[in-house]
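Architecture at a glance
Okay, here's what each chain looks like letter by letter:
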Amino acid sequence: MPIRTASARWQGNLTEGSGTVRTGKGGLEGNYSFKSRFEEGEGTNPEELIGAAHAGCFSMAFSKALADAGTTPTSVETTAKVHLDKTDAGMTVTRIELDTVGEVPGIDEAQFAKLAETAKQNCPISRLLSPGAEITLTARLTS
């Protein structure tokens, strides 16, 4: 398997500086700052990037689980809410809430929920993050 890369450049001090983040192949590039991370400023932040990675990984894992069960999805759309909280150890990602909606013909709610939970457990990004952060899942089936 290939090794994936990303990079970041920061200039200046913590509160007044700014930076850019970029994925290795240049698919994503964005500005970030203290305000975009700890306030409501423009730009991205590491937590949003973790959320995007988790949502993307989970959606792919769920799509595979559904197809393996014989119910190929029309679509799977996932949002990840990443909670950055101050703890005794410092600023910490404490929780990630995955919210997924799937359009999957020929499946019932119970099987959909079971496969969603399996995908959450087997998604490589979930496995990476779950030792340190609580990961919750809400899964809704649409028609």
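Model, not experiment: these values are computed from the prediction.

Residue placement: phenylalanine 112 occurs in helix α3 (residues 109-122). The class of phenylalanine 112 is buried, set by a relative accessible area of 0%. Along the primary structure phenylalanine 112 and threonine 71 are separated by 41 residues, whereas in three dimensions their C-alpha atoms are 9.6 Å apart. Beyond its immediate sequence surroundings of up to four residues, phenylalanine 112 is in contact with Phe62, Leu66, Gly102, Val104, Ile107, Ala139, Arg140 and Leu141.

Working note: regular strand, side chains alternate between the two faces of the sheet. Across 13 bridges, strand β4 (residues 75-87) lies against strand β5 (residues 90-103) in antiparallel orientation. Looking at the pairing, histidine 83 lines up with arginine 95 of β5. The antiparallel pairing of β4 with β5 creates a hairpin that spans two residues between the two strands.

Below, the discussion takes up the sheet that holds strand β3 (residues 29-33). The strand order across the open sheet formed by three strands is β1-β2-β3, and the pairing between neighbours is antiparallel. Edge positions in the sheet fall to β1 (6-11) and β3, since each has one partner strand and no second. Strand-to-strand twist in this sheet, taken as the mean axis angle between neighbours without regard to direction, amounts to 20°. Note: strand β2 (residues 18-23) against β3, five bridges, orientation antiparallel. Among the inter-strand pairings, glycine 19 is bridged to a residue of β3, identified as tyrosine 32.

So, about the sheet that holds strand β6 (residues 134-142). The three strands lie next to each other as β4-β5-β6, forming an open sheet whose pairing is mixed. At either margin of the open sheet sits one strand with a lone partner, and together these are β4 and β6. Across the sheet, the mean angle separating the axes of adjacent strands is 15° when strand polarity is ignored. Docked against the sheet, helix α2 (residues 46-68) engages β4, β5 and β6, running at close to 145° with respect to β4. Contacting β5 and β6, α3 crosses the sheet at an angle of about 145° to β6.

A few words now on the packing of α2 against α3. The geometry of α2 relative to α3 is characterised by a closest axis approach of 8 Å and an angle of 130° between their N-to-C directions. Compared by their axis directions, α2 and α3 come out oblique. Considering how the two elements wind past one another, α2 and α3 form a crossing that is right-handed. Residues Phe58, Ala61, Phe62, Ala65 and Leu66 of α2 pack against Phe112, Leu115, Ala116, Ala119 and Lys120 of α3. Here the contact of α2 with α3 is built from residues that sort into nine nonpolar, no polar and one charged.

Let us now look at the pattern of salt bridges. For the structure shown, the criterion picks out six salt bridges. Here arginine 95 ties to glutamate 97 by a salt bridge, and the two come within 3.2 Å at their closest N and O atoms. Residue classification places arginine 95 among the partly exposed positions, given a relative accessible area of 28%. Glutamate 97 gets classed as partly exposed once you look at its relative accessible area, which sits at 25%. We note a salt bridge from lysine 120 to glutamate 117, for which the minimum N-O separation is 3.3 Å. Placement of the pair is lysine 120 and glutamate 117 together in helix α3, with a separation of three residues, close to one helical turn. Classification of lysine 120 as buried rests on a relative accessible area of 12%.

Thresholds, definitions, all that
Residues numbered from 1 in each chain as written. Predicted model: local features only at pLDDT ≥ 70, side-chain atom pairs only at ≥ 80, totals over all residues. Heavy atoms only, no water. Helix = DSSP H or I, 4+ residues; strand = E, 2+ residues; numbered from the N terminus. Buried < 20%, exposed > 50% of the residue type's maximum accessible area, 1.4 Å probe, protein only. Contact = heavy atoms within 4.5 Å. Pairing = 2+ DSSP bridges. Axes fitted to C-alpha atoms, helices over the stretch in contact; angles between N-to-C directions. Parallel < 35°, antiparallel > 145°, perpendicular 65-115°, else oblique. Left-handed = near helix turned anticlockwise from the far one by under 90°. Nonpolar A, V, L, I, M, F, W, Y, C, P; charged D, E, K, R; others polar. Salt bridge = Lys/Arg side-chain N within 4 Å of Asp/Glu carboxyl O.

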